[in-house]
Amino acid sequence: NAGVTQTPKFQVLKTGQSMTLQCAQDMNHNSMYWYRQDPGMGLRLIYYSASEGTTDKGEVPNGYNVSRLNKREFSLRLESAAPSQTSVYFCASSDSGGAGYEQYFGPGTRLTVT
Amino acid sequence: KNEVEQSPQNLTAQEGEFITINCSYSVGISALHWLQQHPGGGIVSLFMLSSGKKKHGRLIATINIQEKHSSLHITASHPRDSAVYICANSGAGSYQLTFGKGTKLSVIP
């Protein structure tokens, strides 16, 4: 039981390049989330998927797209990376959505855009 | 707007001390979460509570809904408790958690 896995762990991009961050969970959870964590700021929600087949914007969605590929997988795509997207990205999942459910986090992806 | 404030930002304690981390929030909530982030970066959920008190080992979390305040206590602190502790909440029915900036705890032997 791996929980929530993310790939890659580290990535360096040049401005304008694109990439996809992958996330998978093996807990049969319905809801999945993408967050970014920046120094001096709390975690901020980028996008979430309340259930398979649905996605919604969070607090900071600009510059990102997501795909809920199936119940297990939720990917985050940067179409044209910018230095402001340098951050640590966390994927999380929960049995259902809303604040009343415990969220399980992946190990994070450290992204640097030069 | 839902705002979550934590205090203190940084805390250094001697091993064995009793530690309290505070969390205040601005809107009514359905649940409040306490999370732990170790220096390696991984984030683990410690507690989720909507009323009263919860205890797990040396960790105790309390919440006062009327005062919109929660505390995380660590009894008999140990160097392995050194981490960033984060509280988060959300309004009823919302999928979006709002996170505090975290409290960095260092426990010195």
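In every chain, residue numbers begin from 1 and rise along the written sequence. Numbering of ligands from 1 and lettering of chains from A proceed in the order in which they are written. At least 70 in pLDDT is required for a residue's local features to be given in this predicted model, at least 80 for side-chain atom pairs to be given and counted, and no such filter applies to totals for whole chains, interfaces and linings, which use all residues. Each side-chain value is derived from all of the structure's non-hydrogen atoms; neither hydrogens nor water enter the calculation.

## Section: the interface of chain A and chain B
In step 1: Taken together, the contact pairs 23 residues of chain A with 18 residues of chain B.
In step 2: Note on terms: buried area is the combined drop in 1.4 Å-probe accessible area of two parts once they are placed together, counting the loss on both. Carbon and sulfur atoms supply 61% of the area buried between chain A and chain B, which totals about 1,700 Å² over both sides.
In step 3: Each salt bridge in this description consists of a side-chain nitrogen of Lys or Arg and a carboxyl oxygen of Asp or Glu lying within 4 Å of one another. The interface formed by chain A and chain B holds zero salt bridges in total.
In step 4: N or O atoms within 3.5 Å of each other form a polar contact, as long as, within protein, one can give a hydrogen and the other can take it, and as long as residues adjacent in sequence are counted only when both atoms are side-chain atoms. Applying the counting rule to chain A against chain B returns two residue pairs in polar contact (both at pLDDT 80 or more).
In step 5: Helix and strand labels come from DSSP, where a helix needs a run of H or I of at least four residues and a strand needs a run of E of at least two; each type is numbered from the N terminus. Looking at the side of chain A that touches chain B, the elements with two or more residues in it are strand 4 (31–37) and strand 5 (44–49) of chain A.
In step 6: Broken down by element, the side of chain A that touches chain B gets its largest block of residues, four residues, from strand 4 of chain A.
In step 7: Broken down by class, the residue content of the side of chain A that touches chain B amounts to 11 nonpolar, nine polar and three charged. The contact rule is simple, with two residues in contact once any of their heavy atoms fall within 4.5 Å. Each residue is assigned to one class: nonpolar for Ala, Val, Leu, Ile, Met, Phe, Trp, Tyr, Cys and Pro, charged for Asp, Glu, Lys and Arg, and polar for all the others, Gly among them.

## Considerations on the packing of aromatic side chains
In step 1: Only the six-membered ring of Trp is used, alongside the rings of Phe and Tyr, when aromatic pairs are assigned; centres must lie within 6.5 Å, and planes under 30 degrees apart are stacked while those over 60 apart are edge-to-face, with the rest tilted. Scanning all chains against the criterion turns up four aromatic pairs over all chains.
In step 2: A ring pair is formed by Tyr33(A) and Tyr35(A), whose centres lie 6.1 Å apart and whose planes are at 20°; its orientation type is stacked.
In step 3: For Tyr33(A), a relative accessible area of 0% corresponds to the buried category.
In step 4: Take Tyr35(A): its relative accessible area is 0%, and that puts it in the buried class.
In step 5: Ring geometry for Tyr64(A) and Tyr89(A): centres 5.9 Å apart, planes at 65°, overall edge-to-face. Residue Tyr64(A) is located in strand 7 (residues 64–68), and its partner Tyr89(A) is located in strand 9 (residues 87–94); the two are separated by 25 residues in the primary sequence. Here the two residues Tyr64(A) and Tyr89(A) agree in accessibility, since each one is buried.
In step 6: Chaining the aromatic ring pairs together yields one cluster made of Tyr33(A), Tyr35(A), Phe105(A) and Phe99(B). Throughout this description, buried means an accessible area under 20% of the type-specific maximum (1.4 Å probe, protein chains only), exposed means over 50%, and partly exposed covers the range between.

## Quick notes on the sheet that holds strand 7 of chain A
Residue and element names in this part refer to chain A.
In step 1: The strand order across the open sheet built from four strands is 1-3-8-7, with neighbouring strands paired in antiparallel fashion. Among the strands making up the open sheet, the edge pair consists of strand 1 (4–7) and strand 7. Strand-to-strand twist across the sheet, computed as the mean angle between neighbouring axes with direction ignored, equals 15°.
In step 2: For two strands to count as paired, DSSP must find a minimum of two bridges between them. Pairing analysis gives three bridges linking strand 3 (residues 19–25) to strand 8 (residues 74–78), with the strands arranged antiparallel. Within strand 8, the residue paired with leucine 21 across the bridge is leucine 76. What counts as an axis is a line fitted to C-alpha atoms, over the stretch in contact for a helix, and the angles between N-to-C directions run from 0 to 180 degrees.

## Some points on the nonpolar core
In step 1: Buried residues of nine kinds, namely Ala, Val, Leu, Ile, Met, Phe, Trp, Tyr and Cys, make up a nonpolar core once their side-chain atoms join them within 4.5 Å. Counting residues in each nonpolar core, the largest one holds 21 residues, and the members touching the most others are Ile19(B), Leu32(B), Trp34(B), Phe47(B), Leu49(B), Leu72(B) and Tyr85(B).
In step 2: No other element matches the four residues that strand 3 (residues 19–25) of chain B contributes to this core.
In step 3: With residues near it in sequence (within four places) discarded, Tyr85(B) still touches Gln6(B), Ile21(B), Leu35(B), Gln36(B), Leu46(B), Leu72(B), Ile74(B), Gly102(B), Thr103(B) and Leu105(B).
In step 4: Counting 20 residues, the second largest nonpolar core, distinct from the first, contains Cys23(A), Met32(A), Ala81(A) and Tyr89(A).

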